Amino acid sequence: MTKTGHTTIQLNILGAGCASCVGKIEKAINSVQGVDSAEMNFADRTVLVSGNASAELIIKAVESAGYNATQIQAESAEDAMNEKEQADLQHYKSLLRHTIIALSVGIPLMIYGLFIGEMTVSTLLEQTVWGLVGVVTLAIMLISGRHFYIGAWKSFLNHNANMDTLIALGTGTAWVYSMLIVSFPQLFPEMARHVYFEATAMIIGLINLGLALEVKARGKTSEAIKRLIGLQAKTARVIRDGKDLDIDIAHVLLNDHVKVRPGEKIPVDGVVFEGNSTIDESMLTGEPMPVEKVIGDDVVTGTLNKSGSIIFKATRVGKDTALARIISMVKRAQNSKPPIGRLADVIAAYFVPAIMIIAIVSAMVWFNFGPEPSSVFAIVSATTILIIACPCALGLATPMSVMVGVGKAAESGVLIRNGEALQTASKITAMIIDKTGTITEGKPQVTDIILVNADSEEQVLALSAGIESHSEHPLAQAIVESANDRGIEAIYTEHFNAISGKGVEAEVDGQTLLFGNLKLMLDKHIDIGLHEAKAQVLAENAKTPMYLALAGQLLAIIAVSDPIKPDSIEAIARLKLNGIKVIMLTGDNKATAAAVAKKVGIDDFFAEVMPEDKANKVAELQQQNEVVGMTGDGINDAPALALADVGFAIGTGTDVAIESADVTLMRGSLHGLADAIAISKATLRNIKQNLFGAFIYNVAGIPLAAGVLFPVFGILLNPVIAGAAMAFSSLTVVSNANRLRLFKAKEH
Amino acid sequence: MLINLLCIALIGFIIWWFWLYKPANDSSVDASTLILVKDGVYTPARIKISANTPTEITFLRQDKSGCSATVLLPDLEISQDLALEKTTTIALPALEKGEYPFHCQMQMYKGVLIVE
């Protein structure tokens, strides 16, 4: 990987057998331009180089001194992922251990309290026995609940309160109250001498269990990114000095010649220069059909070479490859929050202290106005409120769904830039689709030539190819290609001038040559007589007619047609089924636009739109209170894509500027667009379910814990049940988010 | 009566301690300090950095809980996974004066960058 700017590079040195090598290696490195200093550590055979020289140059210098060197990279994404999984597994096991320890005390105590005896303290014997149980419970708190208490205390010192605070306060209150009963039973009325050690132990056990299950469920939410990371090959076969070398992917340099055999993954991005093959790009684009690759075609990291051997030149390596950029973008998007989550964030920020206050107020109400034993009711209600309130479910509701949703989208070749784009995409009411290259193939072909005053088709093509060879318009390319295909040589033209939205003009032997649409002919006063009707017929058949005129006389009409992509019709129907108004945008004349729109099932279209007017059309719809999506190729439509509420850049294959749009569709098919909308809708629905569940849980649970049902039904929630509810509320949120993994875009 | 008064005092204390208390700015430290992610808090949690200069902040995560695994800087659209028992450095662009909070996904861990 090339590093520029002042930096330090660490290398592993191979083949340095004696201490005298140190000087030699350092000298070799110091001779490289841009190196400020090189220090070798002989003990671990590494060298630290500072300066602004590239790693490749330094490695070459070391090699020329007779040693080998490899750059010590920051660990690979895959290593980091594996490490994270290992750490999660350990954490899971330790939480389970804590669960078992706490429940092994909590469950017997609870069974005793429910079925066998009273958990009250009256006699000295009971005082002693419950005192011992209290000490055992304290041990449980210190062993299995240690992390809650430490977390709560540290947060407290930071003027912060979190889930740990609530658990520590809830279990702590129950234990301290019980110990007061045990130590000084005479201070309390007979009825109030009830101990709650079982609640403390059970709550600690249950919450640890909930956390353990949550660790497992969270692991699943990052499966999509794991799959993407797994696409990266570990080694590459490069040809250096005529020899094939299998080297670590980190050491592939720009312009290296890389050989890939059938069945192997493409290790870095590049351009084929020998051989041909078909390559399966479905893992990145979602496009199931393998793509034919010949000399000059791009190949992309992580895709699978199917049929033939190829050699390609590396054009992007390391963190610059399309795959690496996709991974980093998906990761970033997975951690970004859509606006819908903001309210939950605000609530979460004030939640815990508010719960503490509610618990105290509830305790005061019970103490002053509750039935006897009022102190018991006060303590039970305060403990239950502290335990049942769950800020986690609220905090997790949005990020978990975004994580799964964005990952799911990436799996179908849809890259969503951030949470906001995800949310807005779900609310799109109108979708503008640029015709060329999205609905159509973007590869127009000449279909008809109607001779008017011209002698032959050859003459028409020679003249039109002559003028269009100056133009970069896609239709121009079709003309030039058609002439080439028929072996017709273009006639030399000069003084070329492009007239935006109308056509082109040039001179041939001093005569004016015009090529363009009806507007151009009318502007230049060319008599087209009855031929307009012929052009009209062509347009009604979804072809684009263009007029060719020389020296004020109409020579011919050439029709060009851009074939509609086979799945455009179906994909547009899917969009309409979602209640989205689909509008086609094109520079074509109205009749052609109407014919194409009709063919693909689009009701509305903007025709004859100048390139610079595309953004105005977006604004026009926005003024009509539509949430506007704009789909284009991301190159010519940049201003319109930027202005739209959500810009969708449609790529062909993987050659896309993924940073440019709100949503990037990796494959050319419009199904990607329908998938993107379907996934964002499903994700938003999932977030809403989660937020609703988390709100309702807290809004219903807290009054229940405070005892609102007591005056009428005589029901007061048991703190143990509160602990179980709390432990499973956040697990429910994570599990619901995980349901999104099963989402199949095409069935909706 | 005494218990009621105690409860009211406790409520007052909670409001003051968690919501009204404004830490003195001298408790913040500069960006070169390692931010420890452990036991539910960032230590230190108030980081002072200079305005208009790109800088880096480094975290060391020692807490295994899933919550601590990601740090978000919502104003800067930065989110970074923190590897366990390893330092993770986040490059920050040049920032204007102001306070930029950072937190974990669920806002249990909280800190703030003070740009001066």
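The model shown is predicted, which means the values in this text are computed figures rather than measured ones.

**Overview of the confidence of the model for chain A**
Residues and elements named next belong to chain A.
Consideration 1: Across chain A, the average pLDDT comes to 86, with 96% of residues at 70 or higher.
Consideration 2: By mean pLDDT, the top-scoring element of chain A is helix H4 (residues 124-144) (94), and the lowest-scoring one is strand E1 (residues 7-14) (73).
Consideration 3: Predicted confidence is poor over residues 1-5, with pLDDT under 50, and the contacts of this stretch with residues over four places away or in other chains come to 16 contacts.

**Let's talk about the sheet that holds strand E19 (residues 511-516) of chain A**
Residue and element names in this part refer to chain A.
Consideration 1: Taken in spatial order, the six strands line up as E16-E21-E20-E19-E18-E17 in an open sheet, and their pairing is antiparallel. With partners counted over all chains shown, the strands left at the sheet margins are strand E16 (445-451) and strand E17 (494-499), one partner each. Neighbouring strand axes in the sheet, compared pairwise and without regard to direction, differ in orientation by 20° on average.
Consideration 2: When strand E18 (residues 503-508) meets E19, the two strands line up antiparallel, connected through six bridges.

**Considering H4 of chain A**
Consideration 1: The end-to-end C-alpha separation of H4 of chain A is 30 Å, in line with the 30 Å expected for 21 residues at 1.5 Å each.
Consideration 2: Burial in H4 of chain A covers these residues: Trp130, Gly131, Val133, Gly134, Thr137, Ile140, Met141 and Ser144 of chain A.

**Some remarks on unusual backbone geometry**
Consideration 1: Cis geometry marks the peptide bond from Glu372 of chain A to Pro373 of chain A; its omega dihedral reads -10°.
Consideration 2: In this structure, Pro373 of chain A sits in the loop between helix H11 (342-369) and helix H12 (374-388).
Consideration 3: For the bond running from Thr43 of chain B to Pro44 of chain B, omega is -5°, close enough to zero to count as cis.
Consideration 4: Counting through the fold element by element, Pro44 of chain B comes out in the loop between strand E3 (41-43) and strand E4 (46-49).
Consideration 5: Phi angles above zero are rare outside glycine, and Ala551 of chain A is one such case at about 50°.
Consideration 6: Note on placement: Ala551 of chain A falls in the loop between strand E20 (544-550) and strand E21 (553-561).
Consideration 7: Among the residues examined, Ala551 of chain A registers a relative accessible area of 45% and is labelled partly exposed.

**Considerations on the side chain of Asp562 of chain A**
All names here are of chain A.
Consideration 1: Positionally, Asp562 belongs in the loop between E21 and helix H20 (568-577).
Consideration 2: With no salt bridge to any partner, buried Asp562 finds its closest opposite charge in Lys435, at an N-O distance of 5.4 Å.
Consideration 3: Here the side chain of Asp562 touches Lys443 through a polar contact of 3.1 Å, landing on its backbone nitrogen.

**A few points about the interface of chain B and chain A**
A common way to express how large an interface is: the accessible area buried when the components associate.
Consideration 1: With 34 residues of chain B at the interface, the matching set in chain A holds 41 residues.
Consideration 2: Summed over both partners, the interface of chain B with chain A buries about 3,600 Å², with 61% contributed by carbon and sulfur atoms.
Consideration 3: Counting across the chain B and chain A interface gives one salt bridge.
Consideration 4: Asp39 of chain B is the salt-bridge partner of Lys154 of chain A, the closest N and O atoms lying 3.4 Å from each other.
Consideration 5: Where chain B touches chain A, the interface holds four residue pairs in polar contact (both at pLDDT 80 or more).
Consideration 6: Every element with two or more residues in the side of chain B that touches chain A is listed here: helix H1 (2-20), E3, strand E6 (70-73) and strand E7 (78-81) of chain B.
Consideration 7: With 12 residues, the top contributor of residues to the side of chain B that touches chain A is H1 of chain B.
Consideration 8: Considering only residue class, the side of chain B that touches chain A consists of 20 nonpolar, eight polar and six charged.

How each quantity is defined
- Every residue gets a number counted from 1 within its own chain, in the order that chain's sequence is written.
- Working convention: letters from A go to chains and numbers from 1 go to ligands, in the order in which they are written.
- Under the rules for a predicted model, residues below a pLDDT of 70 receive no local features and side-chain atom pairs below 80 are neither given nor counted, while totals for whole chains, interfaces and linings still include all residues.
- Note that water and hydrogens are dropped before the side-chain values are worked out from all heavy atoms of the structure.
- Values of pLDDT, ranging from 0 to 100, describe the predictor's confidence in every residue of the model.
- Helix and strand definitions follow DSSP, with helices as H or I runs of at least four residues and strands as E runs of at least two, each counted in order from the N terminus.
- The contact criterion used is simple: two residues touch if any of their non-hydrogen atoms lie within 4.5 Å.
- Here a strand pair is declared whenever DSSP counts at least two bridges between the two strands.
- Where helices are involved, their axes are fitted lines through C-alpha atoms of the stretch in contact, as for all axes, and angles between N-to-C directions lie from 0 to 180°.
- Here, expected helix span is obtained from the residue count minus one, scaled by 1.5 Å.
- Relative accessibility decides the category of a residue: with a 1.4 Å probe and only protein chains considered, values under 20% of the type maximum give buried, values over 50% give exposed, and everything between is partly exposed.
- Positive charges come from Lys and Arg alone, negative charges from Asp and Glu alone, with His and the N- and C-terminal ends not counted.
- Each reported salt bridge corresponds to a side-chain nitrogen of Lys or Arg within 4 Å of a carboxyl oxygen of Asp or Glu.
- Counting of polar contacts relies on pairs of N or O atoms within 3.5 Å, with two restrictions inside protein: one atom must be capable of donating a hydrogen and the other of accepting it, and residues adjacent in sequence are counted only when both atoms are side-chain atoms.
- As used here, buried area is the combined drop in accessible area, with a 1.4 Å probe, of two parts when they are placed together.
- Just so you know the grouping, Ala, Val, Leu, Ile, Met, Phe, Trp, Tyr, Cys and Pro go in nonpolar, Asp, Glu, Lys and Arg go in charged, and all remaining residues, Gly too, go in polar.

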